[in-house]
Amino acid sequence: MGVTDRGPGNNGGMSVPAPLADPHLVYDPVAGDGPKDVVILGATGSIGTQAVDLVLRNPDRFRVTGLSANGGRVALLAEQARRLRVRTVAVAREDVVPALREALAAEYGTSEPLPEILAGPDAATRLAASDCHTVLNGITGSIGLAPTLAALEAGRTLALANKESLIVGGPLVKALAKPGQIIPVDSEHAALFQSLTAGTRADVRKLVVTASGGPFRGRTRAELAHVTVQDALAHPTWSMGPVITINSATLVNKGLEVIEAHLLYDIPFSRIEVVVHPQSYVHSMVEFTDGSTLAQATPPDMRGPIAIGLGWPQRVPDAAPAFDWSTASTWEFFPLDNEAFPSVNLARHVGELAGTAPAVFNAANEECVEAFRAGALPFNGIMETVTRVVEEHGTPATGTSLTVSDVLEAETWARARAQELTAQTAEARA
Ligand SMILES: NC(=O)c1ccc[n+]([C@@H]2O[C@H](COP(=O)([O-])OP(=O)(O)OC[C@H]3O[C@@H](n4cnc5c(N)ncnc54)[C@H](OP(=O)(O)O)[C@@H]3O)[C@@H](O)[C@H]2O)c1
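Residues numbered from 1 in each chain as written. Predicted model: local features only at pLDDT ≥ 70, side-chain atom pairs only at ≥ 80, totals over all residues.

Participant: How would you explain the overall build of the chain if you had to name every residue and give the values?
Facilitator: Counting its regular elements, the chain contains 16 helices and 14 strands. For 430 residues, the compact-globule formula gives about 22 Å, and the C-alpha radius of gyration of the chain, at 21 Å, lands near that figure. Considering only C-alpha atoms, the chain reaches an extent of 60 × 55 × 55 Å along its principal axes. Put simply, 72% of the contacts in the chain that link residues at least 6 apart link residues at least 24 apart. (Helix = DSSP H or I, 4+ residues; strand = E, 2+ residues; numbered from the N terminus. Rg over C-alpha atoms; globule rule 2.2 N^0.38 Å. Contact = placed C-beta atoms within 7 Å.)

Here it is in structure tokens:
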């Protein structure tokens, strides 16, 4: 195992501790020339299926040893397992094991041994600690925390799409991660990661996180009162799983990303800006102290950031399509409307509070998104309810002594409180 400093002078000559994600440092748990052994968690989701596509197109670079999912799409999981010839398949739902075994038998036929099956709520966590080079965490929601911690503890490189695990367990992740061990997969953070290679840490003035603005860009708060689930799921530029798509409509996703950027790059919230860029071509930018801004741009396609997560420090040729500069295009940038979309400021607030506050924010939001999708909460009710839960939680104990049980306890409370408030709203509307 080795950590290599690729320079330019990470800390600009100052004795500043390295941030969680640092493109100048290469963490290589298994130095070698062959394909990297990769575990994909959340294999059947939006991130997972795109990662599978990338791996199948690059067998000389990557070999998948394990796949995990919740268990909702066993036929797809079995097909992925057969195409990738994996060692292990993990499902959180034990009740789907017979169906998974059947689907695997149908895929493999009788001539080949079937992969090992892990099942149960900790199946992804056990798989995350298994023998491999890189774990891609593409699970949705804060349930991804335990696998994130397990991968770090086992010394794997962590390609992190599951931003929630970092947000709810920031200090826990920080305590475990070695320099360079986390490579961000969220497109904005992968963009910051790449742009940060252009200077030293001391040269960075601010991070500029771009937001498409979601399907409701330009609407006032009053106009958002009656939007439907279908409206919220119609993202203008990205095709993603349902939770992150709703989070993009409320801009909670952008709020989570501001916290994620703060935790990954150790930049104060006051130096992280959000700008609306409807085309989603520029995925984020770094402004340096000399006034230069470095931006990373591609047509919106998550296979680019996934390739950074799996391949870094190498680039994967043809990971995703590039721009066609022979046709005209318009790139626009607008300030964020914090009144219609209060989620980013609330996220900054919980990020500053630290401790269990981000976990409460995220858990309350996950419950409210569920309630909105079920028709029990209006769109604006999501942020109203989350704000109330955050306020009731108050000022948490500070971050450094945070434990996993603190996080789980805070989450359980926030989910229960959000459900109570949601039920009251539903009753009042009936
Ligand atoms: N999609 C994007 O473009 C994108 C971009 C940036 C960041 N992200 C982040 O990436 C993560 C995944 O997002 P997504 O859009 O890919 O979500 P998604 O399409 O909803 O997929 C979620 C995946 O997680 C699996 N899963 C759910 N609960 C699980 C559990 N308890 N144990 C193991 N696997 C479980 C699901 O399995 P089943 O299929 O069996 O339900 C599915 O494979 C999120 O944190 C999101 O914020 C996504």
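Participant: Explain the sheet that holds strand 9 (residues 182–184) to me, using residue names and the numbers behind them.
Facilitator: If you trace the seven strands from one edge of the open sheet to the other, you get 6-5-4-3-7-8-9, paired in parallel fashion. Only two strands of the sheet have a single partner each, and these edge strands are strand 6 (116–119) and strand 9. Sheet twist, expressed as the average angle between the axes of neighbouring strands with direction ignored, equals 20°. Pairing of strand 3 (residues 36–41) with strand 7 (residues 134–137), which is carried by four bridges, proceeds in the parallel orientation. Paired with Val39 across the strands is Val135, a residue of strand 7. Strands in contact with helix 2 (residues 74–84) are strand 4 (62–69) and strand 5 (88–91); relative to strand 4, the strand with the most contacts, it is inclined by about 165°. Those strands touched by helix 12 (residues 303–311) are strand 3, strand 4, strand 7, strand 8 (157–160) and strand 9, and its axis lies near 150° from that of strand 7. (Pairing = 2+ DSSP bridges. Axes fitted to C-alpha atoms, helices over the stretch in contact; angles between N-to-C directions.)

Participant: I'd like a description of the sheet that holds strand 10 (residues 204–211), backed by residues and values.
Facilitator: Spatial strand order, 13-12-10-11-14: five strands in an open sheet with mixed pairing. Looking along the sheet, the strands with just one partner apiece sit at the ends: strand 13 (293–297) and strand 14 (334–335). Pairing analysis gives four bridges linking strand 10 to strand 12 (residues 282–288), with the strands arranged antiparallel. The residue bridging Lys206 from the neighbouring strand is Glu287, located in strand 12. Strands strand 10 and strand 11 (272–276) of the sheet are contacted by helix 11 (residues 252–265), whose axis makes an angle of about 150° with strand 10.

Participant: Which residues make up the site of the ligand, and what are the values?
Facilitator: The ligand sits among 31 residues. The nearest are Gly42, Gly45, Asn70, Met240 and Gly241. Contributions of two or more residues to the shell around the ligand are made by helix 1 (46–56), strand 4 and helix 6 (163–168). With three residues, helix 1 is the single largest residue contributor to the shell around the ligand. Taken together, the residues of the shell around the ligand break down into 13 nonpolar, 14 polar and four charged. Each of domain 1 (2–190) and domain 2 (209–298 + 334–429) gives at least three residues to the shell around the ligand. (Near = placed C-beta within 6 Å. Nonpolar A, V, L, I, M, F, W, Y, C, P; charged D, E, K, R; others polar. Domains from an automatic or database assignment.)

Participant: Can you break down the pairing of strand 6 residue by residue, with the values?
Facilitator: Bridge count between strand 5 and strand 6: four bridges; the pairing is parallel. Bridge assignment links Thr88 to a residue of strand 6, and that residue is Glu116. The β-α-β motif built from strand 5, the intervening helix 3 (residues 97–108) and the parallel element strand 6 has right-handed crossover chirality. (Right-handed = clockwise from strand over helix to strand, strands pointing away.)

Participant: Could you give an account of the nonpolar core, with specific residues and numbers?
Facilitator: Ranked by size, the top nonpolar core spans 123 residues in total, and within it Ile40, Leu136, Val360 and Ala364 carry the most contacts. By residue number, the principal contributor to this core is helix 14 (residues 357–373), which donates ten residues. If you count residues domain by domain, this core takes at least three from each of domain 1 (2–190) and domain 2 (209–298 + 334–429). In contact with Leu136, not counting residues within four places along its chain, are Val38, Ile40, Leu41, Ala51, Ala159, Ala161, Val185, Gly309 and Leu310. (Core = buried A, V, L, I, M, F, W, Y, C linked by C-beta atoms within 7 Å. Buried ≥ 20, exposed ≤ 12 C-beta atoms within 10 Å, placed from the backbone.)

Participant: I'd like a rundown of the domain arrangement of the chain, residues and numbers included.
Facilitator: One can read the domain layout of the chain as domain 1 (2–190) and domain 2 (209–298 + 334–429). The distance between the C-alpha centroids of domain 1 and domain 2 comes to 25 Å. Contact with domain 1, which involves 23 residues of that partner, is made by 28 residues of domain 2. Of all the elements in the fold, those that place two or more residues in the side of domain 1 that touches domain 2 are helix 6, helix 7 (170–176) and helix 8 (187–195). Among the elements that make up the side of domain 1 that touches domain 2, the one with the highest residue count is helix 6 (five residues).

Participant: Can you lay out the environment of Thr385 for me, pointing to particular residues and giving the numbers?
Facilitator: If you trace the backbone, Thr385 turns up in helix 15 (residues 379–393). Put simply, Thr385 and Gly48 are 337 residues apart on the chain and 31 Å apart in space, counted from C-alpha to C-alpha. In contact with Thr385, other than residues within four places in its own chain, are Ala364, Cys368, Leu377, Ala418, Leu421 and Thr422.

Participant: Could you give me a rundown of the packing of helix 10 (residues 242–250) against helix 14, with the residues and numbers involved?
Facilitator: Between helix 10 and helix 14, whose axes approach to 10 Å, the crossing angle comes to 95°. Between helix 10 and helix 14, the angle is such that the two are roughly perpendicular. Each of Pro242, Val243, Ile246 and Asn247 in helix 10 lies in contact with helix 14, whose residues at this interface are Val369, Phe372 and Arg373. Here the contact of helix 10 with helix 14 is built from residues that sort into five nonpolar, one polar and one charged. (Parallel < 35°, antiparallel > 145°, perpendicular 65-115°, else oblique.)

Participant: Can you lay out helix 13 (residues 343–353) for me, pointing to particular residues and giving the numbers?
Facilitator: Residues of helix 13 that are buried include every one of Ser343, Val344, Leu346, Ala347, Val350 and Gly351, and no others. Around the axis of helix 13, the buried residues are gathered within 160° of arc, so they sit on the same side. On its buried side, helix 13 packs onto helix 10, helix 11, strand 11, helix 14 and helix 15. Residue Ala354 follows helix 13 closely and has a positive phi angle near 60°. (Arc of directions from axis to C-beta.)

Participant: Lay out the packing of helix 15 against helix 16 (residues 404–429) with the relevant residues and their values.
Facilitator: Running from N to C, helix 15 and helix 16 point in directions that differ by 135°, and their axes come no closer than 10 Å. On the basis of the axis angle, helix 15 is oblique to helix 16. For the pair helix 15 and helix 16, the sense of crossing is right-handed. Listed contacts from helix 16 to Gly381, Thr385, Arg388, Val389, Glu392 and His393 of helix 15 are Ala414, Arg417, Ala418, Leu421, Thr422 and Thr425. When the residues that make up the contact of helix 15 with helix 16 are grouped by side-chain class, the tally is four nonpolar, five polar and three charged. (Left-handed = near helix turned anticlockwise from the far one by under 90°.)

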